[in-house]
Amino acid sequence: MDCNHSQTVKDPVLGNGLAASKDLSAGEPIIKISEPFLIVVEKDALERVCSYCLIESDISSLKKCTGCKVVRYCTPICQKADWRLIHKNECSLLQRLPGIPPTPVRALYQALLRYIRPAFEFDSRSASLEHHVPDLKKDRKRWDEIVLQAKGALEFSKTPADKMDMVTRLLCIMATNAFRATLPDDTPIGLCYEPTLALANHSCMPNAFIMFDGRSISLMALNAIKAGEQIFISYVDFTKSRDHRRAELKQRYFFDCGCEKCRHSYTPYRVCQETTAIPSEKLALLYDYKTLVSQAAEREHEIQAMQQGLNDLKQGISVAQSLIDLSKTTASEKERLNFLKQAISDLSLYKNHKLFALPPYPTILDELYLAYIDNEHLTSALIILLFIFLNCDIYNWPQPNHPIRVTRLFTIARLLKYASSLEPANLEQTLPFIPREVLAGIDFIDATHAILILVSELAPLSHGQGTRFMGQVELELREVEEVQRLRGGVGKELQKWQSEGNVSTDGRKIASQIFTGLRTLAGFAFEVIEKQNL
Ligand SMILES: C[S@@+](CC[C@H](N)C(=O)[O-])C[C@H]1O[C@@H](n2cnc3c(N)ncnc32)[C@H](O)[C@@H]1O
């Protein structure tokens, strides 16, 4: 373990848990483990992710294992390291099987071979973890599936048949305690089982989060945490509705969440009021935190006043949810967009009261953004994403160092960079419903630069110092600095603002003007939604 500022605690309701062993500041690593117990790349990601270092690459640059032709690597070094670690045991098995086994079966098989043999005993950390065997047994269909998967792994690993109970229990432990392994932008790529981190309990208002950097995994503080305070992560997407979160937690983890957000049915606006975010002078130029909190209070007040209207909308919300689901399954891109536009129009009450952070509105906007990305309408995607950031994200994740928010800002910077590469006439053509003077008023290179400065300030607290994500951000920043150097202009002032903050009054003023332009641009999101077709 590279660092550990936690200790195990016993909670009468939650079982074992983790607590901070010292006062922690927001963005500080609590636990860092460079080689977790087990990571398995899932089927859908095998073609684009190196099975050892977990870096995403073009399919063409990853080399297939010539034996099994299933796993891929970015370099011979990764291939050798994975061979020593596990692949020497798995390669011949993958060659023999007609297809790739399900990820939980591969994970169980690997755990049996690497850790449980030769005595076929649990390691002490896994042995004490929650397994929910009695709960799982109550669901006949699910239990049959578990037994089938355990049998498969038992046979593949040549584990003696009398160890079947132990193998089944290990599968249940992994099902309850494994995490999704993700890329830095939160894209799921597989499964990670690490017993130390598995001790962290859940809250829908977490004070910590899990971050992957290749194979390395960290538990990071989202807020300041006092010594002795329990550490909570979120097992589910905590921006989803209360019913949605609770159903998922019950189904997968067998508990009724008793967190403050669930107990009091907090809206994102209320959560935002309850959250202490780290101050960021620079980010304050994009949106002012005090204004944000007072706007959150206004929205919350409005929600309380229109409770009846929202209750009446229940049917509309479930129709909107069905439209989101339909948009994900249809093969026609035009239909996909139309379903989402219909969902937006069904929830006009939300729009009229600017309640954009209330579920399922952010999901609809996210899906719209993805539809524009998938169809290469990148300038439309930029405007929707700016709108999402300023109207949903800052309430849903009030902490500026939340990795999803920081990743979003980075994506905004990349889309701004794309917009900066277009000739003014082409840019206008892609966004014909935005007045020419609005577009001409924004220097997209300066905007890329200013947003990258924000990202580079926040990334050490969201993704960690020295991580690959930090490397990508620094690379983009160096590139835009070079462009700025070559063309003259305000790049120097922005660089001063980066290093001196508010002391650099000129830089601050320039950044402030840039962000005003971006807020104006975000204000055209509904023009895009109404008028930009695929
Ligand atoms: C990943 S484990 C966490 C460690 C676990 N408490 C233990 O003792 O092994 C997940 C399990 O912990 C319990 N748990 C976690 N968060 C909880 C919460 N907020 N309320 C009730 N139970 C919780 C549930 O039994 C859940 O299935």
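In this text the structure is predicted, and so the values were computed from the model without any measurement. (Residues numbered from 1 in each chain as written. Predicted model: local features only at pLDDT ≥ 70, side-chain atom pairs only at ≥ 80, totals over all residues. Heavy atoms only, no water.)

If you check UniProt for "domain: MYND-type" (unreviewed entry), the listed places come out as residues 50-91 in our numbering. The span residues 50-91 is 38% helical and 10% strand by assignment, and the distance between its end C-alpha atoms comes to 15 Å. (UniProt positions renumbered as here; feature names shortened; annotations may be inferred. Helix = DSSP H or I, 4+ residues; strand = E, 2+ residues; numbered from the N terminus.)

This part covers helix α21 (residues 468-487). Between its terminal C-alpha atoms α21 stretches 29 Å, which fits the 28 Å expected from 20 residues at 1.5 Å a residue. Turning to α21, its buried residues are Phe 469, Met 470, Val 473, Glu 476, Leu 477, Val 480, Glu 481 and Gln 484. Down the axis of α21, the sector holding all buried residues measures 140 degrees, keeping them to one side. For α21, the exposed residues lying more than 90 degrees away from the buried face are Leu 475, Arg 485 and Leu 486. The elements touched by buried residues of α21 are α17 (403-420), α20 (444-462) and α22 (491-500). Residue Gly 488 follows α21 closely and has a positive phi angle near 75 degrees. (Expected span 1.5 Å × (residues − 1). Buried < 20%, exposed > 50% of the residue type's maximum accessible area, 1.4 Å probe, protein only. Arc of directions from axis to C-beta. Contact = heavy atoms within 4.5 Å.)

Of all residues adjacent to the ligand, which total 16 residues, the nearest are Leu 14, Asn 16, His 132, Asn 201 and Tyr 253. Here Glu 130 contributes a backbone N or O atom positioned 3.0 Å from an oxygen atom of the ligand. Protein burial of the ligand: of its 560 Å² of free accessible surface, 92% is covered by the chains. Those elements that place two or more of their residues in the shell around the ligand are β3 (15-20), α6 (164-177) and β10 (201-202). When its residues are assigned to classes, the shell around the ligand shows eight nonpolar, seven polar and one charged. When we break the shell around the ligand down by domain, the ones giving at least three residues each are domain 1 (1-36 + 194-266) and domain 2 (37-180). (Near = heavy atom within 4 Å. Polar contact = N/O pair within 3.5 Å; in protein donor to acceptor, adjacent residues only side chain to side chain. Areas by Shrake-Rupley, 256 points an atom, 1.4 Å probe, with all protein chains shown as cover. Nonpolar A, V, L, I, M, F, W, Y, C, P; charged D, E, K, R; others polar. Domains from an automatic or database assignment.)

Right, let's get into the sheet that holds strand β9 (residues 188-193). Either a parallel or an antiparallel arrangement is found when strands of a sheet pair, and the pairing is made through backbone hydrogen bonds. As summarised here, the arrangement of the three strands in space is β5-β9-β8, forming an open sheet in which the pairing is antiparallel. Edge positions in the sheet fall to β5 (38-41) and β8 (179-182), since each has one partner strand and no second. Ignoring strand direction, the axes of neighbouring strands in this sheet form an average angle of 35 degrees. Here four bridges tie β8 to β9, and the two strands are oriented antiparallel to one another. Looking at the pairing, Thr 182 lines up with Pro 188 of β9. Packing of helix α2 (residues 103-116) onto the sheet brings it into contact with β5 and β9, and relative to β5 it is tilted by some 145 degrees. (Pairing = 2+ DSSP bridges. Axes fitted to C-alpha atoms, helices over the stretch in contact; angles between N-to-C directions.)

To continue, consider the layout of surface pockets. Size it by volume and the second largest pocket reaches roughly 910 Å³. Taken together, 30 residues form the lining of the second largest pocket, with Ser 241, Arg 242, Ile 317, Tyr 350 and Pro 359 sitting closest to its centre. Among the secondary structure elements, those contributing two or more residues to the lining of the second largest pocket are α7 (242-253), α9 (268-274), α10 (289-305), α11 (307-312) and α12 (314-329). Partitioned by chemical class, the residues of the lining of the second largest pocket number ten nonpolar, twelve polar and eight charged. Two domains each donate at least three residues to the lining of the second largest pocket, and these are domain 1 (1-36 + 194-266) and domain 3 (283-531). (1 Å grid on protein atoms, 1.4 Å probe; cavity = no way out; pocket = protein on both sides within 12 Å on 5 of 7 lines; lining within 4 Å. Points joined across faces, edges and corners; volume = space filled by probe spheres on them.)

Our focus in this paragraph is the sheet that holds strand β2 (residues 6-11). Spatially, β2-β3-β13-β10 is the arrangement adopted by the four strands of the open sheet, whose pairing is mixed. Of all strands in the sheet, those with a lone pairing partner are β2 and β10, marking the two edges.

On to unusual backbone geometry, then. Following Pro 359, the chain continues into Pro 360 via a peptide bond in cis, with omega recorded as 5 degrees. Structurally, Pro 360 can be placed in the loop between α14 (348-352) and α15 (361-374). One non-glycine residue, Leu 54, lies in positive phi territory at about 65 degrees. You can call Leu 54 buried: its relative accessible area is 5%. Of note, Lys 69 is a non-glycine position whose phi angle comes to about 60 degrees, a positive value. Its place among the elements puts Lys 69 in the loop between β6 (63-64) and β7 (72-73). According to the relative accessible area criterion, Lys 69 is exposed, its value standing at 54%.

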